[in-house]
Every structure is written in C-alpha cells, then in structure tokens.
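# Working through the structure, step by step
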Amino acid sequence: DCVCLCVVDPGVGTERLPVAVLADGRWYVGPDNGLFALVVRRAAEVETFAISWRPSRLSDSFHGRDLFAPVAAMLACGRRPQMREIEPSSLERASWPDDLPRIVYIDGYGNAVTGLRARTVDRQRIFTIGGHRCRFHRTFGEAAAGEVFWYRNSNDLVEIAQSGGSAARALGLELGTPLEGQ
Amino acid sequence: DCVCLCVVDPGVGTERLPVAVLADGRWYVGPDNGLFALVVRRAAEVETFAISWRPSRLSDSFHGRDLFAPVAAMLACGRRPQMREIEPSSLERASWPDDLPRIVYIDGYGNAVTGLRARTVDRQRIFTIGGHRCRFHRTFGEAAAGEVFWYRNSNDLVEIAQSGGSAARALGLELGTPLEGQ
Amino acid sequence: DCVCLCVVDPGVGTERLPVAVLADGRWYVGPDNGLFALVVRRAAEVETFAISWRPSRLSDSFHGRDLFAPVAAMLACGRRPQMREIEPSSLERASWPDDLPRIVYIDGYGNAVTGLRARTVDRQRIFTIGGHRCRFHRTFGEAAAGEVFWYRNSNDLVEIAQSGGSAARALGLELGTPLEGQ
C-alpha cells in the first residue's frame, strides 16, 4: 500500500477537518483545505474519511507530527484509525481550475514550474513569460547555451528553464508570474 | 531504544571529550562542549560516559562521521563500545540559564524561534522584539493577515511569526536578537 | 554490496550512455558524461557496462528517477538488469587532471572546497586565494577567531575556511576561483 502524508497546513489548529482519502488504491492523509480537491476530482474510485482519532497530546501548531503522521503510519501498517466516512464532494473545490498557467514553484537552480499540464499543450506552442518568448525543447541538451525555453518536466508540468543558468533570475520570475500564450 | 546522535561540534579535533549520556532511558552521543548540559540538568536518572573507543581512521574534522555515528550505531544495536563512566556533573554548565530570551534559530519561512520555554510564560504576555510589540495567538489562523505575533511552537518554545510573511524580514531579526518584556 | 547512484546529468535525454561501473567491489550507476572517469582511473579492478534495460515509461528530463534508480535498486537486490560489457577506457577522460586547484563547492557555512587532494600537499604550504594568504590548521579550534585558513577536510580535499565566519563571503570566493601557490 502507498500512503501519502500531505502537510501543507497554514490553517493548523483551526477548524479545518483532518481527512484521509483512498483514491484508486492510494491513501492520502492531511488537512481538508483544498489539498485533496484535485485528487478527488481525478480519481476513478474514491472513498473519503474524517479522522476522529486524536493523540493524547496534540500541539496547536504541528498536526503533521502529532496527528497526520501517526494516522499515516497506522494506515501503512494496515490498521485503520478511528474515522468516519464522508462525502467525497465535501473535499472538492468546484470552482478551482484543472490547470494554473502561473509559476507555482521555483527550484534551487532557478527552474520555474507552472501549474499547466504539459500533455494539454502542443509542442509548437510559444509561451511568453517575464517579457520573454520561450519555445519548446525536449531536453536541456537541445537548448542553446543561455537560452530560456520550456519543457515537459518529470511531473508532466510545463517548466521554464535556462540552459546553464537560472530562468527565475534571467526573467525575474516569482511565484504567481503568469504564463501567456496558452 | 532511542539514540540521539548530536553533532554540533565547532571544537572537532581538539581536546573536548567524546561522550555518551543515558538520560531517562534515552542515549545521547556527541562532544562534551555543553551540548548535553541541559539534558543532564533535567534528567531524573542519568549516567554519563567518556567514549574510549576509536575508529581505525579518525579524521581531524568530521568526528560525526568517524566516531560519533559508529558509537551511536553500536548503542542502537544494543552493544556498548568501550567507554568509562564519568561524573554527570562534569557535563553540566552551572552558570548557564534554563531559558534564553533571544532568537536562537530562524527557519526557512522567517519564523524566529527563541530559547524561552512557552510553558513558563503567561499567554497574556506582550513581548517586544525588533521594536515591535507581539501578542499571543494560539495558531497562525487566529492572527490577522500580516500580523507579527508570538505562539507556542511544537517544541514548546516561544516563536515569533508573521501571518503570511517572514517575521525575520519584517522585524529585521537575527540570531541573538533579544526578546523583551518577559 | 555498496551501490552508488550518481545523477549529475545535465545531458539527460540526449545520447550519452547510461552506464554501470563495478570498481573494486563497489557499483556506480549513472550517465557516462565523465562522472566516472576518475573512478575508472583509480580503481584496481574495474568492469564497465552500458545499461540496456529501459523502463516502460522514460521521461526526457529525469533519468535519475526513471532509469538509474531502478537499476541501482536491482543491483542492490543482487539482480543484474540487462546490460552489456564495454571497455573501461571508453569512460575515461585522458586529458582530465588528477586534481583541480579551484573552488569546486561552497557549503552552507561558506566553507570552500577545492578539487586538490590534501595528501598531495605539504602542511607548510601557504595558499593564496581571493588575494589572501592562507596557512594550514589541523582543526577549526587551532585557528584564531576570524582567521581564514586551509585544512584537510573529511574527504581529504584542501578546504578554505574561516574560524567563526564564512570564508566565501570574507574572500569573495565563487565556484572556479583559483587556488594559487601550489
């Protein structure tokens, strides 16, 4: 069994529900703050649960350690902590888009990841970002030295990179910078 | 058995003693440079040992790898490396305080941790740091957007944070910045 | 068995060969881009293989995940993936030097590692780097506060450090800064 422990939890200690999702045979454990909205949307078979189990000591600021990790461990050991089934639809966020054509992550090398699935995009596409027009290359090795380009990254997302440099620095990219031309 | 391998060791390669501490059933392995002073002070039952075991090759600059990690591994396997019992008092630092009302660590988000145990502080307390008055919130979710506040972190230390921002940047905090009003 | 999974792979997705090297009883898995040139040069006994095995899905940009890690796992489990023996000399880079007297890595503390093996250097040697003359100290503890010095690091490389500070910042060191006086 695969169990994904997911702790992106700015609302830790508030009323948001701790949940466990069984989606196509894979468990996801974490807070219900939208984190599993797309998991639920894309799963063929899904069961969703509100976690009732609580540890004897629960801090206000680190449910990842105190609540979610023990629950994930129990599931990984084949045990089910106390939880009650809830409607999958309660975890969805109907108005959220399938793709987000903006920078959502910049890695340590200055490669800038978008929220746009590469499979939805033709490889002839020219994107404009930070005032720069980027064309597709399959690999870093195909780009000219210093060229800023886009490629399909290993998670199937459109990623902006510079051969031998930092795309984020070259184009002044930040979280949220929009990708145009799509 | 729990074995903590502790390598904060600016004096590596000098005469400070390699030690192992058994405190309330938990092993700590590392250099005697004060690192275990508070462990010894707070333990109900404590035995302390100077490590006599040496590896066949001991570098001058990485006893964490060459000496302490193998010793920790032996203890974790239930074996005792060669060591001789010493007086616990020899590891203490009597003049060191129980709490340090200063910034001792700044994490990647700009949250600034102090050395002050939150359990010793009333939640009505207003702290002044970097010229700013901070009040208590139980969670990030209770603070207003952009507010700098203090909370009890998951290690029971007073921590300075900004909702949706970097407290360290907002207030110009650095290691050693004093916390006032306590 | 020890298996080293080595993924420094700027040419990922291009024609460079995926290889496995058995050098003095230790496996190395990764791309043939020179990464194993010195492993082959220094090994007493070496066998080299081109990896023919391919996963059912191979991304263009992350062979570390898709190809090299599964191969390393198979070798670690005692299984040999499909591969064919090749000449060790094909992995060598005859013109590459044994040592590189330049900064090759700067760690998070500002210590600057060179590609010069310390065993090849007399401890009386004075190096000049960034306009500063550095003498040898065996440990950080032997240097004066604030002194920039060189020492033999735990990988047996000459490393430039500052006692209680960042050598890289103090001397303006960067990747590639030359070490003189050797």
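Since this is a predicted model, take the numbers as computed values, not measurements.

## With respect to the sheet that holds strand β3 (residues 26–31) of chain C
Backbone hydrogen bonds are what pair the strands of a sheet, in a parallel or an antiparallel way. Residue and element names in this part refer to chain C. Taken together, five strands build an open sheet; the order of strands is β1-β3-β2-β4-β5 and the sheet is mixed. Lying at the two open borders of the sheet, with one neighbouring strand each, are β1 (2–5) and β5 (83–86). Taking each pair of neighbouring strands and ignoring which way they run, the sheet shows an average axis angle of 25 degrees. Across the sheet, helix α2 (residues 63–76) touches β1, β2 (18–23), β3, β4 (46–51) and β5, and the angle it forms with β3 is around 165 degrees.

## Regarding the sheet that holds strand β10 (residues 148–152) of chain C
Residue and element names in this part refer to chain C. One open sheet holds the four strands; their spatial order is β6-β7-β11-β10, and the pairing between them is antiparallel. Across the chains shown, the open sheet's two edge strands, defined by having one partner strand only, are β6 (100–106) and β10. Taken over all neighbouring pairs, the strand axes of this sheet differ in orientation by 30 degrees on average, direction set aside. Where β10 lies against strand β11 (residues 157–162), five bridges are found, and the strand directions are antiparallel. Opposite R152, over in β11, you have V158 as the bridge partner.

## With respect to the relation of the copies chain C and chain A
Expressed as a screw transformation, the operator carrying chain C onto chain A has a rotation angle of 120 degrees and an axial translation of 0.1 Å, and the superposed copies differ by an RMSD of 0.0 Å. Expressed as a symmetry operation, the mapping of one chain copy onto the other fits a three-fold axis. Minimal C-alpha separation from the rotation axis in chain C is found for G108 of chain C, amounting to 7.7 Å.

So, how was this worked out
Residues numbered from 1 in each chain as written. Chains lettered and ligands numbered in written order. Predicted model: local features only at pLDDT ≥ 70, side-chain atom pairs only at ≥ 80, totals over all residues. Heavy atoms only, no water. Pairing = 2+ DSSP bridges. Helix = DSSP H or I, 4+ residues; strand = E, 2+ residues; numbered from the N terminus. Axes fitted to C-alpha atoms, helices over the stretch in contact; angles between N-to-C directions. Contact = heavy atoms within 4.5 Å. Least-squares fit on C-alpha atoms with pLDDT ≥ 70 in both.

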